[in-house]
Amino acid sequence: MANVTDLQTKYSKLAQEYSKLRAQNQVLKKAVVDEQASTVSLKEQLKQRDQSLRKQEQEMDSLSFRNQQLAKRVELLQEELAVSEAKSKKGKSKVDSPSQHGLETQSVFDEDLQKKIEENERLHIQFYEADEQHRRQEAELKARLQELEKDSEQHQTVVDGLTVKYIDTIERLQSDKARLEVKAQTLEREAKECRVRTEECQQQLRRCQSELNRQVKQSSSVIQEKVPFNDTKFSDYNSLNVPPHNRRHQLKARDVAGQALSFIQDLVAALLNFHSYTEQRVHIYPRDSSIEPISPLNQKFSQYLHENAAYVRPLEDSFLQLHQSITEDTVTVLETVVKLKTFADNFSSYTHFLQKILPYQLKSLEEECEAPLCTAALTAKNQELQGDMKRVTSVFEKLQSYINILALPSVRQDAMPQSSTSAVFTQLAACLHSLHDAIKEMSKHYNQKAGLEQELPTITQKLCTTSECLLGSLGSLTSSTGKIATFFSNNLDFFTSPGYSPRGGTVSLNPLQAESMLANKKKAAAYMHAIKKPRPKSVPYREALSNRRILTSSTESREGLTQQVQQSQEKIARLEQEKEHWLLEAQLGKVRLEKENQRIADLEAQLAAALGGSPNSQAAAASTLAQSHEEAERELQKAVGKETTLCTSLVGMLCTTPTVEHVGDEESREQLIKTHYMARVGELTTQLQISDSKAVHFHSECRALAKRLAIAEKSRETLSEEVKHANQNITRLQDELTTTKRSYEDQLSMMSDHLCSMNETLSKQREEIDTLKLGSKGNAKKNKGR
């Protein structure tokens, strides 16, 4: 289980890291989208710049072409000027008219040259401005390019860090997966071992059950045949039908009663506060008693509320007495808990108190609705509170009826069977939950009503504080009823389970049996205290398991020993019968010997008396003595000649010899037979008690084995479910890992493609810039050369 908790914590940590990485992934996705948008805008700007550069190149080409034309024109003009100057030098001797014409043409050429020079200056200025603008654009693009490279480097570092991190997480998850697979295999092996053990336990349980059934049948047959004093038809008349004292049940009942007492105390405090604050509210709203007198209805309502402690306090006192009556040395069942009737009577009186104040509560809320400043929302809330109060009172009436039903067995015997008791406890738990729901609704409506009342213009501080205190009491009442309902539902199995039941039947325990059970407990405690028997040392669990394996492995030898024991028991029984037979014979011989001795003594006395008399009488006495001896010898011969009669029964075997003095021996023989039968009955009762104790012991062992088997089955099921959940979590995490891996691989591929495209565009832009730089340098050199 600890490994499973560790795995769960690891999986929770992995889930948290995955959520963090997922959030970071979303941020990176947004950043990538933003960068893509910025790259698109930069591409558009580059296109625009390219277009402007092309236009400027075209203008530069046109200007250079025009400049070349102008340069050629200037050269032609210069050549013409030189020719004209040479002609002018040569023709000085000519007339003035041709010189004047040359001057005019010269002036025209000068003007044209001046215009061309001005135009050339203007073109140089435009070219310089275009060059400066191109340099500025080139610097901006370089700066932007550097920023983009830095951003790409940062993104690349982030992507590299994430890839390293995800590779680490993947490796860690793979190691966890391998470890979980190993653990799952070990759990499967343990589950197989548990299955084998459960099968062995089931086989042992079946063997024990068959053996116990056989012993129970044998014991029941013995009880029915040879124990006629055990009245199985009317169990009330059977003095042995007393259950054992259950100390664990008493401790549990004491603990449950203590918890219930604390909850009842909280409930009583909450009810006292609720009724007291309700009384204060009646004196404040809708009329303040310090300013004007309140209505007679509210006066009566306040008077009744002032008496709430007389109905609420006895609930706590009676339940405290009930808790004090439950001790370890008592028997706690519904038939013996007499203090429950007192608590039921006090609860009934409090329910009657709630029924008595319910009409006044409803009328008080109606009077609040009739106030001049009462809004429609407040009226609706008051109507809802009226319904809540009716519901709470009806739930208390149901609780009263159920508690009275539970208190009946302590007053009247055979008031309710066990099945009806379970149904009453179940209905009581449901009623407690409905009480919690009703008080919760009433608290919610009171809270909403207090919020609406605070919005009124005539609200006072006293009313606000009283409403807050009333809401606090309702909150504590809600929490206490919720705790009671939860406590009762959690302990419903303890309430419905029979703690004590007479042995051999399903009838409930009566007070007489409880008294006899406590008396037996005291006797047993006194006996154990008297013998002062030291407690044996407890056997360790592992040693017990090893002993159990040894015992299970030695079943064959045990069967052989049981056969030998049975044979020896049969021999012992046969020898006991022979012993009893010879004991009876010896006792009968002793009786006959005593009678014969008595007769001889009487005859000797008669003979002595006769010897003291006349000779005739002496002769007669001698003849009578001889005759008596002859008769005694004849009787002995007849007794020896007769066949002995053998009487056998279930108790034993008796061999009798008929004699003449059979009538005189009847009483002594009857006394001997009676003593023998009484001794035999005592032995049989002791054997019956031993067999009964063995049967109870075997039954308890079988129940313990069945419980252990059920616990093992439950643990196996929980382990299999945990293994299933672990496998599901592993598969889910693997799927998530594959999806995240794919998504990150796609994102990395997209970002790498984007970076490649960006590098291509940047290389193209650099080439274009280099070409532009070379072109501008060439043009500058040409202009300088010109």
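Quick caveat: nothing in here was measured; it's all calculated off a predicted structure.

Calculation notes
- Residues numbered from 1 in each chain as written.
- Predicted model: local features only at pLDDT ≥ 70, side-chain atom pairs only at ≥ 80, totals over all residues.
- Heavy atoms only, no water.
- Helix = DSSP H or I, 4+ residues; strand = E, 2+ residues; numbered from the N terminus.
- Buried < 20%, exposed > 50% of the residue type's maximum accessible area, 1.4 Å probe, protein only.
- Contact = heavy atoms within 4.5 Å.
- Arc of directions from axis to C-beta.
- Phe/Tyr/Trp six-rings, centres within 6.5 Å; stacked < 30°, edge-to-face > 60°.
- Axes fitted to C-alpha atoms, helices over the stretch in contact; angles between N-to-C directions.
- Left-handed = near helix turned anticlockwise from the far one by under 90°.
- Nonpolar A, V, L, I, M, F, W, Y, C, P; charged D, E, K, R; others polar.
- Core = buried A, V, L, I, M, F, W, Y, C linked by side-chain atoms within 4.5 Å.
- Parallel < 35°, antiparallel > 145°, perpendicular 65-115°, else oblique.
- Salt bridge = Lys/Arg side-chain N within 4 Å of Asp/Glu carboxyl O.
- Polar contact = N/O pair within 3.5 Å; in protein donor to acceptor, adjacent residues only side chain to side chain.
- Patch = residues over 30% accessible without salt bridge, like charges linked within 9 Å, V, L, I, M, F, W, Y side chains within 5 Å.
- Areas by Shrake-Rupley, 256 points an atom, 1.4 Å probe, with all protein chains shown as cover.
- Lys, Arg positive; Asp, Glu negative; His and termini not counted.
- Charge placed at Lys NZ, Arg CZ, Asp CG, Glu CD.
- pLDDT = per-residue confidence, 0-100.

Remarks on the overall build of the protein chain
And then number 1: Along the backbone of the protein chain there are 15 helices and 2 strands.
And then number 2: For the protein chain, buried positions account for 28% of its 786 residues.
And then number 3: Sequence-distant contacts in the protein chain: of pairs separated by 6 or more residues, those separated by 24 or more amount to 84%.

Things to note about the side chain of Ser364
And then number 1: If you trace the backbone, Ser364 turns up in helix α6 (residues 339-369).
And then number 2: Exposure remark for Ser364: the relative accessible area of 6% places this residue in the buried category.
And then number 3: Not counting chain neighbours up to four residues away, the residues in contact with Ser364 comprise Val282, Leu297, Asn298 and Phe301.

With respect to helix α4 (residues 296-306)
And then number 1: Among the residues of α4, those classed as buried are Asn298, Phe301, Ser302, Tyr304 and Leu305. Buried residues along α4 cover an arc of 160° about the axis, so they all sit on one side. Pointing more than 90 degrees away from the buried face of α4 are the exposed residues Pro296 and His306.
And then number 2: Taken together, the buried residues of α4 touch α3 (247-284) and α6.

Re the packing of aromatic side chains
Each aromatic ring pair is specified by the distance between its two centres and by the angle formed by the two planes.
And then number 1: Inspection of every chain in the model, using the stated rule, returns 13 aromatic pairs.
And then number 2: Plain terms: the ring middles of Tyr311 and Phe353 are 4.8 Å apart, the flat faces sit at 15° to each other, and that makes the pair stacked. Residue Tyr311 is located in helix α5 (residues 309-325), and its partner Phe353 is located in helix α6; the two are separated by 42 residues in the primary sequence.
And then number 3: With a relative accessible area of 22%, Tyr311 lands in the partly exposed category.

Brief notes about the packing of α3 against α6
The axes of two packed helices give the description: the angle between them and the distance between them.
And then number 1: Interhelical geometry of α3 versus α6 gives an angle of 35° and a closest axis separation of 13 Å. Both α3 and α6 take part in a crossing whose hand is left-handed. Contacts between α3 and α6 involve Leu271, His275, Arg281 and Val282 from the former and Tyr350, Phe353, Leu354, Ile357, Ser364 and Glu368 from the latter.
And then number 2: Residues of the contact of α3 with α6, tallied by class, amount to 6 nonpolar, 2 polar and 2 charged.

Points about the nonpolar core
And then number 1: Counting residues in each nonpolar core, the largest one holds 67 residues, and the members touching the most others are Leu340, Tyr350, Met442 and Tyr446.
And then number 2: Going through the elements one at a time, α3, α4, α5, α6, α7 (376-407), α8 (418-454), α9 (461-490) and α10 (492-496) are the ones with two or more residues in this core.
And then number 3: In terms of residues, this core owes the most to one element, α3, which gives 14 residues.
And then number 4: The contacts of Leu340, once residues within four sequence positions are left out, are Leu322, Leu334, Leu406 and Ala407.

Notes on the packing of α5 against α6
And then number 1: Close contact between α5 and α6 brings their axes to 9 Å; oriented N to C, the two are set at 165°. In terms of axis orientation, α5 runs roughly antiparallel to α6. Pair α5 / α6 crosses with left-handed handedness. Facing Tyr311, Val312, Pro314, Leu315, Ser318, Phe319, Gln321, Leu322 and Ser325 of α5, the residues of α6 in contact are Lys339, Leu340, Thr342, Phe343, Asn346, Phe347, Ser349, Tyr350, Phe353 and Lys356.
And then number 2: Partitioned by chemical class, the residues of the contact of α5 with α6 number 11 nonpolar, 6 polar and 2 charged.

Things to note about the pattern of salt bridges
And then number 1: The final tally for this structure, using the stated rule, is 21 salt bridges.
And then number 2: Arg281 is the partner of Glu368 in a salt bridge, and the nearest nitrogen-oxygen pair spans 3.6 Å. Placement of Glu368 in helix α6 and of Arg281 in helix α3 is noted, with a sequence separation of 87 residues between them.
And then number 3: Ionic pairing is found between Arg281 and Glu453, a salt bridge with its closest N-O pair at 2.4 Å.

Thoughts on the environment of Thr686
And then number 1: Along the chain, Thr686 falls in helix α15 (residues 662-785).
And then number 2: At a separation of 2.4 Å, a polar atom in the side chain of Thr686 contacts the main-chain carbonyl oxygen of Glu683.

Section: the side chain of Gln56
And then number 1: Among the secondary structure elements, Gln56 is positioned in helix α1 (residues 2-90).
And then number 2: Not counting the four nearest positions on each side in its chain, Gln56 is found in contact with Ala130 and Gln133.

Details of the environment of Phe319
And then number 1: Along the chain, Phe319 turns up in helix α5.
And then number 2: Expressed as a C-alpha distance, the spacing of Phe319 and Asn346, which sit 27 residues apart in the sequence, is 9.7 Å.
And then number 3: Contacts of Phe319, omitting those with residues within four sequence positions, involve Ala257, Ala260, Leu261, Ile264 and Phe343.

Considering a negative patch on the surface
And then number 1: A grouping of Glu57, Asp61, Glu767, Glu768 and Asp770 is seen on the molecular surface, where their side chains present a negatively charged patch.
And then number 2: Mapped onto the negative patch, the elements with two or more residues apiece are α1 and α15.
And then number 3: Considering each element in turn, the negative patch owes the most residues, 3 residues, to α15.
And then number 4: Mapped onto the elements of the fold, Asp770 is located in helix α15.
And then number 5: For Asp770, a relative accessible area of 42% translates into the label partly exposed.

Some points on the confidence of the model for the protein chain
And then number 1: Looking at the protein chain, the pLDDT average stands at 77 and 78% of residues meet or exceed 70.
And then number 2: Scored below 50 in pLDDT, residues 227-240 shows 10 contacts in the model against residues more than four places distant or in partner chains.
And then number 3: Counted against residues more than four places away or in other chains, residues 503-507, with its pLDDT under 50, gives 6 contacts.

Some remarks on the environment of Thr740
And then number 1: With respect to the element layout, Thr740 can be found in helix α15.
And then number 2: For the pair formed by Thr740 and Asn25, sequence separation is 715 residues and the distance between their alpha carbons is 9.6 Å.

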